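Read off the chains here:
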Amino acid sequence: MCLAIPGKIVELFPGVPHLASVEVAGVRRKVDLGLLQDDPPTSGDWVLIHVGFAMSKISEQDALEQMQTLMILGENEQAMQEVRGYGLDDADDHNVS
Amino acid sequence: MRFVDEFRDPGVITRTADEIRRLVDPNRHYRLMEVCGGHTHAIYRFGLKDILPPNIELIHGPGCPVCVLPMGRIDDGLSLAHHPDVIFTAFGDMMRVPGTQGSPLEHKARGMDVRIVYSPSDALKLAKTNPDKHVMFFAIGFETTAPSSALTLMRAKAEGIRNFSLFCNHVTIIPAIRAILDSPDMRLDAFIGPGHVSTVIGCRPYEWIVKDERKPIVISGFEPLDMLQSIVMLLRQLKSGKAKVENQYRRVVPWEGNRAALRAMAEVFQLRPYFEWRGLGFISQSALRIRDTYAEWDSEQRFNVPGVRVTDPKAAQCGEVLKGVLKPAQCKLFGRECIPEHPVGALMVSSEGSCAAYYNYEHRKAITTSLAWPA
């Protein structure tokens, strides 16, 4: 819950402006962009994700370092489990159980 | 330097550690509190204590939301799970936390519909796909997670999803710091401020700490170098006799915080008059409740919640550890009745609690060393 997970915005959805697809270490999931509405990210931007919501925009360098920090903290697996668990993608309903 | 050697630039870390040694007054004892549970976990994991001078003492603060949640709140939340039409959802961190009748996971084993979610929006989605059930999300966390809960309720209201509610246990960090500073047995010199909470609230809410209490605070990132740099910044302030709010984590924390997140919180939540914290007791205006305009999505307003109160076991000295009066191992229960597998006190409950972190990294290491066959 307290993990801050770095992800890259890879797809935006014009019809649903508060959602975006992000990629975290090769895993793609939808996250909510509602908390960045004052400064919306665009495709290619990096964000820090908390519990399925993008909370802040960061640089690519900071994103890579954040991933490394999670690794050293021994929390990278937990972070990936969290990301894989995000269930906003229709195909991933089973992940919510 | 257990894990620091693996880090990206050991040279910079060594130079920063040298700077710390240069700045400390050998005749003074420094007591610095890291407020955030994430920092506590990182300090033990990185072995930062091993590279700090012995007269710098790190006190582990109240910033682990799982740890400070009273057991009665878990009982209250789980009381709703007994209803056959209710799906109880919570983050994975909550699943093994004991209530008086067992943890959420144990309730699941007894046949109740208890599920892990990784985001409050997943709980809302579960409500959409299970229209004949009521989905309750057991929400915990400081200002880092509260905006996500708020936005989820705003979406539920906008989309008219009525089979969803939130059991709100969100707490706010500033009143907890105030409670610790108001305590008569408190002896702290400065604060390492929380990184991700400050992403939301910014740096201004800490200004009273420097104005009224004359204690320096530096908002810090979570890498070893971040925390060492923050300690350098605190030592410089202490040396100069000044106290100000500084932001070491500028790459993530804007001075004004995240306004969109603060707006969402203000739309959905209001302060409770008081709330109980494990280890610290009742603290006024320290937690959030759901506004009446969102009553339909508030588990507490919508259902009959028993309002269970479970007092902390008297023998557990969590409050003294939180205030830095005792070290984890100085508590009478530590490592005996109270261990991570069977937590008695609040700080042993989550891996980010100071007792659990100390137990996992220091106590186990000491046991392993003492049991090792002599070479």
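Residue numbering note: each chain is counted from 1, following its sequence as written. A letter from A marks each chain and a number from 1 marks each ligand, given out in the order of writing. Given that the model is predicted, a residue must reach a pLDDT of at least 70 before its local features are reported, and side-chain atom pairs must reach 80 or more before they are shown or counted; all residues, however, enter totals for whole chains, interfaces and linings.

Q: Please explain the overall build of chain B as it appears in this structure.
A: Put simply, DSSP H or I for four residues or longer makes a helix, DSSP E for two residues or longer makes a strand, and each gets a number counted from the N terminus. Each helix and strand in chain B was counted, giving 15 helices and 13 strands. Computed over its C-alpha atoms, the radius of gyration of chain B comes to 21 Å, within 12% of the 21 Å expected for a compact globule of 375 residues. Viewed in the frame of its principal axes, chain B has a C-alpha envelope of about 65 × 50 × 40 Å. Computation of the radius of gyration draws on C-alpha atoms, with the globule rule given as 2.2 Å multiplied by the number of residues to the power 0.38.

Q: Where do I start with the overall build of chain A in this structure?
A: The secondary structure content of chain A amounts to two helices and five strands. When the elements of chain A are put in sequence order from the N terminus, they spell out β-β-β-β-β-α-α. Computed over C-alpha atoms, the radius of gyration of chain A comes to 13 Å, within 12% of the 13 Å expected from 2.2 N^0.38 for 97 residues, which places it in the range of a compact globule. Considering only C-alpha atoms, chain A reaches an extent of 40 × 35 × 20 Å along its principal axes. Buried residues in chain A amount to 46% of all 97 residues. Put simply, a residue is buried when 20 or more other C-beta atoms lie within 10 Å of its own C-beta and exposed when 12 or fewer do; between those, it is partly exposed, and each C-beta is set from the backbone.

Q: How should the sheet that holds strand 7 (residues 190-193) of chain B be read in this particular structure?
A: What links the strands of a sheet is backbone hydrogen bonding, and the strands pair in either a parallel or an antiparallel sense. Residue and element names in this part refer to chain B. Any two strands between which DSSP finds at least two bridges are classified as paired. In space, the five strands of this open sheet follow the order 2-1-7-8-9, with parallel pairing throughout. Both outer strands of the open sheet, strand 2 (56-63) and strand 9 (245-247), are each paired with one neighbouring strand and no more. Within this sheet the neighbouring strands show an average axis-to-axis angle of 20 degrees, counted without direction. Direction of pairing for strand 7 relative to strand 8 (residues 217-219): parallel, over a ladder of three bridges. Its bridge partner lying in strand 8, Ile 192 is registered against Val 218. Angles shown run from 0 to 180 degrees and are taken between the N-to-C directions of axes, each axis being a line fitted to C-alpha atoms and, for helices, limited to the stretch in contact.

Q: Before we go on, may I ask you to explain the packing of helix 1 (residues 10-23) of chain B against helix 11 (residues 224-240) of chain B in this structure?
A: When two helices pack together, their arrangement is given by the angle between their axes and by how far apart the axes lie. Residue and element names in this part refer to chain B. Contact geometry for helix 1 and helix 11: axes closest at 10 Å, N-to-C directions at 20 degrees. Considered as vectors, helix 1 and helix 11 are oriented roughly parallel to each other. Two packed elements cross with a definite hand, and for helix 1 against helix 11 that hand is left-handed. Between helix 1 and helix 11, the contacting residues are Val 12, Ile 13, Thr 16, Ala 17, Glu 19, Ile 20 and Leu 23 on the first element and Pro 224, Leu 225, Leu 228, Gln 229, Ile 231, Val 232, Leu 235, Arg 236 and Lys 239 on the second. Just so you know how the angles are binned, under 35 degrees is roughly parallel, over 145 roughly antiparallel, 65 to 115 roughly perpendicular, and the rest oblique. Definitions for this section: a left-handed crossing has its near helix turned counterclockwise from the far helix by less than a right angle. A right-handed crossing has that turn clockwise. Placing C-beta atoms from the backbone, we regard two residues as in contact once those atoms come within 7 Å.

Q: Any chance you could explain the nonpolar core here in plain terms?
A: Soluble globular proteins tend to pack their nonpolar side chains together in the buried interior. Remark: nonpolar core denotes a set of buried Ala, Val, Leu, Ile, Met, Phe, Trp, Tyr and Cys residues whose joining runs through C-beta atoms within 7 Å. Ranked by internal contacts, the top residues of the largest apolar core, which has 146 residues, are Leu 35, Ile 49 and Ala 54 of chain A together with Leu 32, Phe 88 and Phe 138 of chain B. Sorting elements by how many residues they give to this core places helix 11 of chain B first, with eight residues. Throughout, the edges of the domains are those of an automatic or database domain assignment. Two domains each put at least three residues into this core: domain 1 (1-307) and domain 2 (318-370) of chain B. Setting aside chain neighbours within four positions, we find Ala 54 of chain A in contact with Val 31, Leu 33, Leu 35, Leu 36, Pro 41, Val 47 and Ile 49 of chain A.

Q: Teacher, can you tell me more about the interface of chain A and chain B here?
A: Listed by partner, the interface residues are 33 residues for chain A and 39 residues for chain B. Contributions of two or more residues to the side of chain A that touches chain B are made by strand 4 (46-50), strand 5 (53-58), helix 1 (60-72) and helix 2 (76-85) of chain A. Top contributing element to the side of chain A that touches chain B by residue count: helix 1 of chain A, with five residues. Grouping the amino acids of the side of chain A that touches chain B by side-chain chemistry returns 15 nonpolar, twelve polar and six charged. Residues are sorted three ways: Asp, Glu, Lys and Arg are charged, Ala, Val, Leu, Ile, Met, Phe, Trp, Tyr, Cys and Pro are nonpolar, and all the rest, Gly among them, are polar.

Q: Help me out: how do you make sense of the packing of helix 7 (residues 146-159) of chain B against helix 12 (residues 259-268) of chain B in this one?
A: Residues and elements named next belong to chain B. The geometry of helix 7 relative to helix 12 is characterised by a closest axis approach of 8 Å and an angle of 60 degrees between their N-to-C directions. Taken as axis vectors, helix 7 and helix 12 run oblique relative to one another. Relative to helix 12, the crossing made by helix 7 is left-handed. Between helix 7 and helix 12, the residues in contact are Ala 146, Pro 147, Ala 150, Leu 151, Leu 153 and Met 154 and Ala 261, Ala 264, Met 265, Glu 267 and Val 268, respectively. Within the contact of helix 7 with helix 12, the residues separate by chemical class into ten nonpolar, no polar and one charged.

Q: For this particular structure, what's the right way to read unusual backbone geometry?
A: It is generally the case that most residues other than glycine have a negative phi and that most peptide bonds are trans. Residues and elements named next belong to chain A. At Ala 25, a residue that is not glycine, the phi angle is positive and equals roughly 45 degrees. Relative to the assigned elements, Ala 25 resides in the loop between strand 2 (19-24) and strand 3 (27-32). Of the residues examined, Ala 25 has 13 C-beta atoms within 10 Å and is grouped as partly exposed.

Q: Explain the pairing of strand 1 (residues 5-12) of chain A to me, please; I cannot follow it from the model alone.
A: Residues and elements named next belong to chain A. Two elements, strand 1 and strand 4, share four bridges in a ladder whose sense is antiparallel. From the neighbouring strand, Lys 8 faces strand 4, where its bridge partner is Trp 46. Note that strand 1 and strand 2 share four bridges and pair antiparallel. Bridge pairing in strand 2 links Leu 12 to Ala 20. In sequence, strand 1 turns back onto strand 2 through a hairpin of six residues.

Q: Explanation requested: the domain arrangement of chain B in the structure shown.
A: In many reports, interface size means the accessible area that the parts give up when they come together. Residue and element names in this part refer to chain B. Domain annotation of chain B identifies domain 1 (1-307) and domain 2 (318-370). Here domain 1 and domain 2 have C-alpha centroids that lie 19 Å from each other. Residue-level contacts link 28 residues of domain 1 with 19 residues of domain 2. For the side of domain 1 that touches domain 2, the secondary structure elements donating two or more residues are strand 1 (30-36), helix 2 (37-46), strand 2 and helix 3 (65-68). Considering each element in turn, the side of domain 1 that touches domain 2 owes the most residues, six residues, to helix 2. Of the residues belonging to the side of domain 1 that touches domain 2, the class tally is 14 nonpolar, eight polar and six charged.

Q: Could you clarify how one ought to interpret the confidence of the model for chain B in this entry?
A: Close inspection of predicted coordinates is inappropriate in any region flagged by low pLDDT. Here chain B averages 91 in pLDDT, and 95% of its residues register 70 or above. Model confidence for the complex: the whole-complex pTM is 0.92, and ipTM, which rates the interface, is 0.89. Confidence scores labelled pLDDT are given residue by residue by the predictor and lie between 0 and 100.

Q: Looking at this structure, how should I read helix 2 of chain B?
A: Each turn of an α-helix holds 3.6 residues, which means side chains three or four residues apart point in the same direction. Residue and element names in this part refer to chain B. Across the ten residues of helix 2, nine count as buried, placing the element largely inside the fold. Of the positions making up helix 2, those classed as buried are Gly 37, Gly 38, His 39, Thr 40, His 41, Ala 42, Ile 43, Tyr 44 and Phe 46. Two residues or fewer past helix 2, Gly 47 is found with a positive phi of approximately 65 degrees.

Q: I'm lost on the pairing of strand 12 (residues 281-284) of chain B in this one. Help?
A: Sheet faces and side chains relate simply in a regular strand, where the side chains alternate between the two faces. All names here are of chain B. Both strand 11 (residues 274-277) and strand 12 contribute to a ladder of four bridges, which runs antiparallel. Counted as the bridge partner of Trp 277 is Gly 281 from strand 12. Taken together, strand 11 and the strand that follows it, strand 12, pair antiparallel across an intervening segment of three residues, in which Gly 279 is found at a positive phi of about 90 degrees.

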